[in-house]
Amino acid sequence: MRKSIHLILIGCIPLIMGALVNVLVTSGISMPVFLISLIALFIWYFIGRRYGIGNSEYMLINTPAIFFFMLVVVQEIALGAYMQGAIGMLSQMFFLPFVSAGALVAGWTGSMAGIYTGCFILMLLCSYIGARQRMRSR
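Please read these numbers as outputs of a predicted model, since none were measured by experiment. (Residues numbered from 1 in each chain as written. Predicted model: local features only at pLDDT ≥ 70, side-chain atom pairs only at ≥ 80, totals over all residues. Heavy atoms only, no water.)

K.L.:
Explain the overall build of the chain here, please?
P.N.:
Along the chain, the regular secondary structure elements total 7 helices and 0 strands. Against the globule reference of 14 Å for 138 residues, the chain gives a C-alpha radius of gyration of 15 Å, in line with a compact fold. Dimensions along the principal axes, computed over C-alpha positions, put the chain at roughly 45 × 30 × 30 Å. A burial count over the chain gives 40% of its 138 residues as buried. (Helix = DSSP H or I, 4+ residues; strand = E, 2+ residues; numbered from the N terminus. Rg over C-alpha atoms; globule rule 2.2 N^0.38 Å. Buried < 20%, exposed > 50% of the residue type's maximum accessible area, 1.4 Å probe, protein only.)

K.L.:
So what exactly am I meant to see when it comes to the side chain of Asn62 here?
P.N.:
Structurally, Asn62 is set in helix 4 (residues 55-79). Classification of Asn62 as buried rests on a relative accessible area of 0%. Engagement of the side chain of Asn62 in a polar contact is seen with the side chain of Trp44, the distance being 3.3 Å. In this structure the side chain of Asn62 is engaged in a polar contact, spanning 3.0 Å, whose partner is the backbone oxygen of Tyr58. Apart from residues no more than four positions distant in its own chain, Asn62 is found in contact with Trp44, Met123, Leu124 and Ser127. (Polar contact = N/O pair within 3.5 Å; in protein donor to acceptor, adjacent residues only side chain to side chain. Contact = heavy atoms within 4.5 Å.)

K.L.:
Teacher, can you tell me more about the packing of helix 2 (residues 13-26) against helix 5 (residues 86-95) here?
P.N.:
When two helices pack together, their arrangement is given by the angle between the helix axes and the distance between those axes. Helix 5 packs onto helix 2 with a crossing angle of 90° between their chain directions and a minimal axis gap of 7 Å. One finds that helix 2 runs roughly perpendicular with respect to helix 5. Mapping the contact onto sequence places Pro14, Leu15, Gly18, Ala19 and Asn22 in helix 2 and Leu90, Met93 and Phe94 in helix 5. Of the residues belonging to the contact of helix 2 with helix 5, the class tally is 6 nonpolar, 2 polar and no charged. (Axes fitted to C-alpha atoms, helices over the stretch in contact; angles between N-to-C directions. Parallel < 35°, antiparallel > 145°, perpendicular 65-115°, else oblique. Nonpolar A, V, L, I, M, F, W, Y, C, P; charged D, E, K, R; others polar.)

K.L.:
Quick question: what am I supposed to make of helix 6 (residues 99-106) here?
P.N.:
Helical geometry: 3.6 residues make up each α-helical turn, so side chains three or four residues apart lie on a common side. Those residues of helix 6 that sit buried are Ser100, Ala101, Gly102 and Ala106. At its buried positions, helix 6 is contacted by helix 3 (33-51) and helix 7 (112-137).

K.L.:
Can you help me understand the nonpolar core in this one?
P.N.:
One recurring pattern in soluble globular proteins is that nonpolar side chains are buried together. Counting residues in each nonpolar core, the largest one holds 27 residues, and the members touching the most others are Leu41, Phe68, Phe94, Phe95, Phe98 and Met123. Mapped by element, the contributors of at least two residues to this core are helix 1 (2-10), helix 2, helix 3, helix 4, helix 5 and helix 7. Residue contacts for Leu41: discarding those within four places in its chain leaves Phe98, Ala101, Leu122, Met123 and Cys126. (Core = buried A, V, L, I, M, F, W, Y, C linked by side-chain atoms within 4.5 Å.)

K.L.:
How do you make sense of the pattern of salt bridges when you look at a structure like this?
P.N.:
For side chains of opposite charge, pairing can occur when their charged atoms come near one another. This structure, assessed with the given rule, holds 1 salt bridge. Between Lys3 and Glu57 there is a salt bridge; the shortest N-O distance is 3.4 Å. In this pair, Lys3 sits in helix 1 while Glu57 sits in helix 4, placing the two residues 54 residues apart along the sequence. On the accessibility criterion, Lys3 (47% relative accessible area) is partly exposed. (Salt bridge = Lys/Arg side-chain N within 4 Å of Asp/Glu carboxyl O.)

K.L.:
Help me understand the side chain of Ser127, please; the structure alone is not making it clear to me.
P.N.:
Positionally, Ser127 belongs in helix 7. For Ser127, a relative accessible area of 1% gives the class buried. Sequence-distant contacts of Ser127, that is, excluding residues within four places in its chain, are made with Trp44, Tyr45, Gly48, Tyr58 and Asn62.

This is the structure:
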């Protein structure tokens, strides 16, 4: 149980990265957003490599991503707008570091739901590749 909570908390690291990106952007600091996405995906790869030992660990690490993805999709598609307060802000903040890469993958959809889907798929893919490489190196 304790390990499960630990892995879920590790899966919340994108919230910290998103908050940092948000602070930098709102304070007027110019930065290469695609480079931030690449760094975030690289970090997510290493998290998958370090903690994604088996299928259950892989799923626990990605549980926050699944949760926030569902929130974003419900808000974007079903409600047509983002909720006020913490739920709306946190669901967007979680994917913020990955948005540039997600737009590269799914920008053709022309919607934020599509871009968030691209972010989600890239996150799952990077952590999966990291976990698989760890299993192979054993």
